[in-house]
Amino acid sequence: MKRTQESGRTTESRAVHGGEARSRALDTLAEPIAQTATYTFESTAALVAYMEGDGGEREEYGRYGNPTVRTLERKLAALEGTDDAVAFGSGMAAVTTSILALVKSGSHVVLFSDCYRRTRQFVTGFLDRFGVESTLVPPADIDALERALTPRTRLVVSEAPTNPYNHVLDLARLGAVCRERRVKTMIDATFATPVNLRPAEHGIDLVVHSATKYLGGHNDVLAGMVAGPENLISLIRDLRHVLGGILDPHAAYLVHRGIKTLAVRVKQQNATAQALAEALEAHPRVRRVWYPGLASHPHHDIARRLMTGFGGVVTFALHGDLASTGRFVDACRFPRIAPSLGGVESLIEQPALMSFFELSSEQRLAVGISDDLVRYAVGIEDTDELIADVLRALDETA
Ligand code: PLP
């Protein structure tokens, strides 16, 4: 596992200790949950000292900050190798507040067309009402991105890897192209986690996570985070003060606890997903598999250069239609049918019946979603048992 620069500690050690003080109030080992809406001042003099910036590190009001949330933010910054990070009540609160902090009326934003659909909806169907223009470019196509940049482009947004096809774009080239044009870059690295990919090391400005997924890791909490350089994070934090999307301290505790086991969970998920992808690729009922750890994936070489593991999501298409694919999904005993990914429990879905349900088969195909497509987000169950379950379900429903 690569060592990160800041302290020479590995990602595994940072997941456990990163961002944490050596000693805590009341000598607790675990991070305390600071369950409070506001914070008191000893005296008027203490209040005035704080307002004049001379009050040491402390909080003022719950919407502006919380010590439990702050520890979580420091841990993510330590993991991503960035100056700082800021936490929100959901991944979408992190995405929307961050984008709003960077654009104004007349700005132009470029999105890779396969970025998270609600992010796309926010930019193309909401920000456009306030005079922010946008252009969609094909997945991972940096030549198309270069052509799309204009003097008013402020921001480029992509996911890495993307949902559901696990596209991985060349982040170093993206960062270099955008820096030269003074355009900020934002990568939603939810699928990767800092265990597999640290976009800031490749010159990306902002790294966004739906912490609901791998960071929390237990399918029991909604959260979002963004990591980056001090100047951008303080802009985003200031806007969070206004828009009000701060993470709740109980939820912050859960994400912080989840991150303690992030490295072991993700390494297990990487190994299971790789084995599952290989088993699926060898099965006659499977038409195609999209997993960046397979040599057949169009971005396998880029993924090998950038990533230390390829993630826990395996997307595949069966020879079949909507109904026969549904029969296979129903025959799997391990994964539960649900949206989301990244937790300890395996989850399975047919994108055609989940995110794209309202479209007809033809409309879905036009956006690249076939009826026979399955997304399998592996959990931390035993690899061999999980694969045996999938192979049995394929054979039973052939
Ligand atoms: N980004 C990605 C890649 C996601 O998969 C999701 C949720 O599915 C989000 C952002 C939004 O996160 P949340 O559901 O925590 O708001």
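What you are looking at is a predicted structure, and each value in this text was computed from that prediction instead of being measured.

## Remarks on the environment of arginine 22
Step number 1: Along the chain, arginine 22 falls in the loop between α1 (11–17) and α2 (44–51).
Step number 2: For arginine 22, a relative accessible area of 87% puts it in the exposed group.
Step number 3: It is 30 Å that separates the C-alpha atoms of arginine 22 and glycine 309, two residues lying 287 residues apart in sequence.

## Remarks on the site of the ligand
Step number 1: As a matter of local geometry, the ligand sits amid Ser90, Gly91, Met92, Tyr116, Glu159, Asp188, Thr190, Ser210, Thr212, Lys213 and Ala223.
Step number 2: At 2.8 Å from an oxygen atom of the ligand is found a main-chain nitrogen or oxygen belonging to glycine 91.
Step number 3: Here an oxygen atom of the ligand sits 2.8 Å away from a polar atom, N or O, in the side chain of serine 210.
Step number 4: Burial of the ligand by the surrounding chains reaches 87%, relative to a free accessible area of 390 Å².
Step number 5: Residue composition of the shell around the ligand, by class: three nonpolar, five polar and three charged.

## A closer look at the nonpolar core
Step number 1: The biggest cluster of nonpolar side chains holds 52 residues, and the ones touching the most others in it are Leu145, Leu174, Phe316 and Phe328.
Step number 2: Considering each element in turn, this core owes the most residues, five residues, to helix α15 (residues 383–396).
Step number 3: Built from parts of two domains, this core gets at least three residues from each of domain 1 (11–260) and domain 2 (262–396).
Step number 4: With residues near it in sequence (within four places) discarded, phenylalanine 316 still touches Leu280, Val286, Arg288, Val289, Trp290, Phe328, Asp372, Leu373, Val374 and Tyr376.
Step number 5: The next biggest cluster of nonpolar side chains, apart from the first, holds 28 residues, and it includes Val69, Leu79, Val195 and Ala252.

## Section: the sheet that holds strand β11 (residues 347–349)
Two modes of strand pairing occur in sheets, parallel and antiparallel, and in both the strands are linked by backbone hydrogen bonds.
Step number 1: Strand order in the open sheet formed by five strands is β8-β9-β12-β11-β10, with mixed pairing between adjacent strands. The outermost strands of the open sheet, each flanked by one partner alone, are β8 (286–290) and β10 (336–337).
Step number 2: Sheet analysis places strand β9 (residues 313–318) next to strand β12 (residues 373–377), joined by five bridges and oriented antiparallel. Paired with alanine 317 across the two strands is leucine 373, which belongs to β12.
Step number 3: Running over the sheet, helix α11 (residues 262–281) touches β8, β9 and β12 and is turned about 10 degrees from β9.

## Let's talk about helix α13 (residues 322–331)
Step number 1: Those residues of α13 not exposed but buried are Ser324, Thr325, Gly326, Phe328, Val329 and Ala331.
Step number 2: Looking at the buried residues of α13, the elements they touch are β9, β10, β11, β12 and α15.
Step number 3: Two or three places before alanine 323, at the start of α13, stands the capping residue aspartate 321, its side-chain oxygen 3.2 Å from that residue's backbone nitrogen.

## Structural notes on the pattern of salt bridges
Step number 1: Inspection of the entire model under this criterion finds 21 salt bridges.
Step number 2: The salt bridge involving lysine 75 is made with glutamate 20; its shortest N-O contact spans 2.8 Å. Taken together, the residues span a long stretch of sequence, with lysine 75 in helix α3 (residues 67–80) and glutamate 20 in the loop between α1 and α2 at a distance of 55 residues. Neither lysine 75 nor glutamate 20 differs from the other in exposure class; each is buried.
Step number 3: Note that glutamate 73 and arginine 70 form a salt bridge whose closest N and O atoms lie 2.8 Å from each other. Of the two residues, glutamate 73 and arginine 70 are both situated in helix α3; the distance of three residues between them amounts to about one turn of the helix. The pair glutamate 73 / arginine 70 is uniform in exposure class, with both members buried.

Reading the values: rules and limits
Residues numbered from 1 in each chain as written. Predicted model: local features only at pLDDT ≥ 70, side-chain atom pairs only at ≥ 80, totals over all residues. Heavy atoms only, no water. Helix = DSSP H or I, 4+ residues; strand = E, 2+ residues; numbered from the N terminus. Buried < 20%, exposed > 50% of the residue type's maximum accessible area, 1.4 Å probe, protein only. Near = heavy atom within 4 Å. Polar contact = N/O pair within 3.5 Å; in protein donor to acceptor, adjacent residues only side chain to side chain. Areas by Shrake-Rupley, 256 points an atom, 1.4 Å probe, with all protein chains shown as cover. Nonpolar A, V, L, I, M, F, W, Y, C, P; charged D, E, K, R; others polar. Core = buried A, V, L, I, M, F, W, Y, C linked by side-chain atoms within 4.5 Å. Domains from an automatic or database assignment. Contact = heavy atoms within 4.5 Å. Pairing = 2+ DSSP bridges. Axes fitted to C-alpha atoms, helices over the stretch in contact; angles between N-to-C directions. Salt bridge = Lys/Arg side-chain N within 4 Å of Asp/Glu carboxyl O.

Spatial relationships are all this shows, so hold off on functional conclusions.
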